[in-house]
Amino acid sequence: MKVSLGSKITAGFAVAVLVLACVGVLSYLTTTDLIQAMNSVARTRETLEQLESVLAMTAETETAQRGYLLTGSAEFLEEYQAISKNVGNQMTKLRALVAENANQQESLNRLELLISERFAALDDRIETRQQHGLQAAASAVALLKGKVIMDQIRVVVSEMRQEEERQLLQRQETSRDRSRHSIGIILTSSVLACVLGIVAVLLVRRDLWLREQAEKRLQDSQALLQSILDNTPAVVFLKGRDGRYLFVNRQFEQLAGIPRDQIVGRTAFDLLKEELAQAASDHDLKVLQTGEAMQFDETVMYPDGPHTHLAVKFPLRDADGKIYATGAVSTDISDRKRAAQLIEKLNEDLERRAASLEVANKELEAFSYSVSHDLRAPLRHIAGFVELLTNKAGEKLDEASHRYLKIISDAAKQMGTLIDDLLVFSRMGRTELRQTKVDLNALVREAIEGLQHDLSGRNVNWKIAQLPTIQADPSLLRQVVVNLVGNAVKYTRPRNPAQIEIGCDDRHAREFVLFVRDNGVGFDMQYSHKLFGVFQRLHRSDEFEGTGIGLANVRRIILRHGGRTWAEGKVDGGATFYYTLPKQDAAN
Amino acid sequence: MTNLKRIMLAEDNERDLELTLAALEEHKLANQVIVVRDGAEALDYLYSRGKHAHQAGGLPVVVLLDLKMPKVDGLEVLRQMKSDPNLKVVPVVMITSSREEQDLLRSYQLGVNAYVVKPVDFQKFTDAVKQIGAFWAVINEPPPRAAK
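Report follows, based on the coordinates. Here the structure is a predicted model, which means the values were calculated and not measured.

A look at the overall build of chain A
Stage number 1. Helix and strand counts for chain A stand at 14 helices and twelve strands.
Stage number 2. Residues classed as buried in chain A amount to 22% of the 588 residues present.
Stage number 3. Of the contacts made within chain A by residues no fewer than 6 positions apart, 65% connect residues no fewer than 24 positions apart.

Rendered as structure tokens:
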């Protein structure tokens, strides 16, 4: 459990105060005790004095009585009577002083009895003197009865004195003990209270220090916040519920053109055009009503004209969750808006272009459809009827006529092949790619197997490297491999032995570079740009057969797979045909 | 004549018709051929209506259809035949100059029994016609109701 510093300090002070209170009570009790002890010492002293005085007066009465007995003078008698009266008073005082002590009271009773006995004897002798004269009185004195009583009185007084002194001693002892004890407690408690007080003071000082640190940190973080807000390109401000600005950042200042201390406390209506201020205040109201952050497009006047801002407005809540202000972060999105408009326009253009492309594509399809139907039919008819003519009139025709008919027939067949190739080529551009994993090694093997007819009687040194597995349309890629390997076989026909190398350069990050190299008849590099064109041939067809569509197909297929094609060669120095295919992760 | 295995040939192009018949002639199949010149006529014959209302030849053992014909094209004839319970047992072979994927696909979707692209080379053409004729009209056993 964590106890707050405040309660620790409170507890410390409370304990200190409690200890001090105890010290106070203890001091009071001790002091009271001391005063009581002092009082009783005083009383003892008084008692002792009183006892002495009683004893002395008793003796004086005897002296006065003796004077009267001897002289018979009334003066002595008066003195005697005054003193004996005084003794009575003194005895009353004494009784009050020893009222608390039963022993002393008893002794006092005895003393009183003895004194009255004594006074009775003295009175008796005075009476004897008055009635019977000096002689009779003198003989009564001689009986020594008075002296005995007097001695007894002295004994009692002495006992009482001793008792008082003993009590005094005892009381002083107790008082001393208690004082010593109390002083100990008071000292300890005072030390404890001091320590607690010091601890409490230290705690308070520490708390104050922590508070100072926290305040410093708060100031630092406020400065940080301020500098972030001042250096952001957005306009940032806070408004109270009444629409008055509580805070604005530097961008706001710059836009408003006045320092922030002239902005704070004013409303949007003081700074903006009425309609803009109204829009802004409507937005603030919405945020206040819904209690949620919202986005608004707001128009802001700049020196160069109105700009569009995207304002994110949000409620600020106090600790009780009550909204006391709205905050806003407002960014200039004019450029974005313009860019969006531009993109929209470009998109429209693109759509228009795509639509016209689609129309063109449709036309192309219709064209190739009609080519396949309408152009092939007359060719078929030429070939068919030439054949029928040959069958029917063959015997009547001379050799030259037969040759002409054959030329007509061959030409028709060749045109049929060209049209078929052209249709295949056009279809290649339109059919969808069906990509899967393709093992190029297998494709090369199959291609070479398919060329067995052309390879019969040939001496070819194959050098085939390990090829990668790639992502491609297998049937299209097969055409590429068959074409390139087929070409290599075809154009090395005059070589014995022919050298054909099939390999792959795997050093590139994004693509495989594959190649087919041969030592065949090669080509002149100045015509290399024609190699991949449709129906472009660098050799006469009576040298090397072909329609000139194969490499055009290769280029088209590789382009559709995201690759490139090129070739290097030299007349009679062989040729190398390259094609690239994107690597798997690059293709994704 | 009703027991004869007859071939129906639907062809609008006169030259193609002549060549096809010549090819069939070469293989002694020409006299069994019912020639119709468009899709509508082909359907008329198959349903014994219009000018073929009184045809006595019965259903052919095979129908050779050109794809592109006036009025009703080959695909439509094929569609109607394959959706008719009586006619759908009759084999249909498309003989056309189109190798277009969409034509092939459409034909097979409609249930064509074979699809042959007419070769330019006449020798290959006659071979193809001969094989079709020989297979469907001679070798293949027609469905029970086909030659009623």
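And the narrative resumes.
Quick word on the environment of Arg434 of chain A
Stage number 1. With respect to the element layout, Arg434 of chain A can be found in the loop between helix 9 (399-430) and strand 6 (436-439).
Stage number 2. Along the sequence, Arg434 of chain A and Pro474 of chain A sit 40 residues apart, while their C-alpha atoms lie 7.8 Å from each other.

As for the environment of Met160 of chain A
All names here are of chain A.
Stage number 1. Mapped onto the elements of the fold, Met160 is located in helix 4 (residues 145-231).
Stage number 2. Sequence separation between Met160 and Glu106 is 54 residues, and the spatial gap between their C-alpha atoms is 9.9 Å.
Stage number 3. Here Met160 is in contact with Leu51, Gln104 and Ser107, once residues within four sequence places are set aside.

Considering the packing of helix 10 (residues 440-450) of chain A against helix 12 (residues 474-491) of chain A
Residues and elements named next belong to chain A.
Stage number 1. Direction vectors running N to C along helix 10 and helix 12 enclose 55 degrees, while the axes themselves pass 9 Å from each other. As judged from the angle between their axes, helix 10 and helix 12 are oblique. Of the two elements, helix 10 crosses helix 12, and the hand of that crossing is right-handed. The segment helix 10 lies against helix 12, with Leu443, Val444, Ala447, Ile448 and Gly450 engaging Leu477, Arg478, Val481, Val482 and Val485.
Stage number 2. Across the contact of helix 10 with helix 12, the residue classes tally to eight nonpolar, one polar and one charged.

Section: the nonpolar core
If you look at soluble globular proteins, the nonpolar side chains tend to sit buried side by side.
Stage number 1. Met8, Ala10, Leu64 and Leu65 of chain B are the most contacted members of the largest nonpolar core, which has 43 residues in total.
Stage number 2. Elements supplying a minimum of two residues to this core: helix 8 (334-393) of chain A together with strand 1 (7-10), helix 1 (14-26), helix 2 (39-46), strand 3 (62-65), helix 3 (74-82), strand 4 (92-96) and helix 5 (122-139) of chain B.
Stage number 3. Contacts of Leu65 of chain B, omitting those with residues within four sequence positions, involve Ala10, Gly74, Val77, Leu78, Val92, Met94 and Ile95 of chain B.

With respect to the sheet that holds strand 5 (residues 323-332) of chain A
Residue and element names in this part refer to chain A.
Stage number 1. Spatially, 2-1-5-4-3 is the arrangement adopted by the five strands of the open sheet, whose pairing is antiparallel. At either end of the open sheet lies a strand with only one pairing partner, and these are strand 2 (245-248) and strand 3 (294-302). Adjacent strand axes in the sheet meet at a mean angle of 25 degrees when their direction is disregarded.
Stage number 2. Docked against the sheet, helix 7 (residues 274-290) engages strand 1 (235-240), strand 3, strand 4 (305-317) and strand 5, running at close to 25 degrees with respect to strand 4.

Quick notes on the sheet that holds strand 2 (residues 33-36) of chain B
Residue and element names in this part refer to chain B.
Stage number 1. The five strands are arranged 2-1-3-4-5 in an open sheet whose pairing can be described as parallel. Two strands in the sheet have a free side with no partner beyond their single neighbour: strand 2 and strand 5 (114-117). When strand polarity is set aside, the average angle formed by the axes of neighbouring strands in this sheet is 20 degrees.
Stage number 2. Across four bridges, strand 1 lies against strand 2 in parallel orientation. Each residue of the ladder has a partner; that of Met8, found in strand 2, is Ile34.

What counts and how
- Residues numbered from 1 in each chain as written.
- Chains lettered and ligands numbered in written order.
- Predicted model: local features only at pLDDT ≥ 70, side-chain atom pairs only at ≥ 80, totals over all residues.
- Helix = DSSP H or I, 4+ residues; strand = E, 2+ residues; numbered from the N terminus.
- Buried ≥ 20, exposed ≤ 12 C-beta atoms within 10 Å, placed from the backbone.
- Contact = placed C-beta atoms within 7 Å.
- Axes fitted to C-alpha atoms, helices over the stretch in contact; angles between N-to-C directions.
- Parallel < 35°, antiparallel > 145°, perpendicular 65-115°, else oblique.
- Left-handed = near helix turned anticlockwise from the far one by under 90°.
- Nonpolar A, V, L, I, M, F, W, Y, C, P; charged D, E, K, R; others polar.
- Core = buried A, V, L, I, M, F, W, Y, C linked by C-beta atoms within 7 Å.
- Pairing = 2+ DSSP bridges.

Any link to function would need more than the numbers given here.
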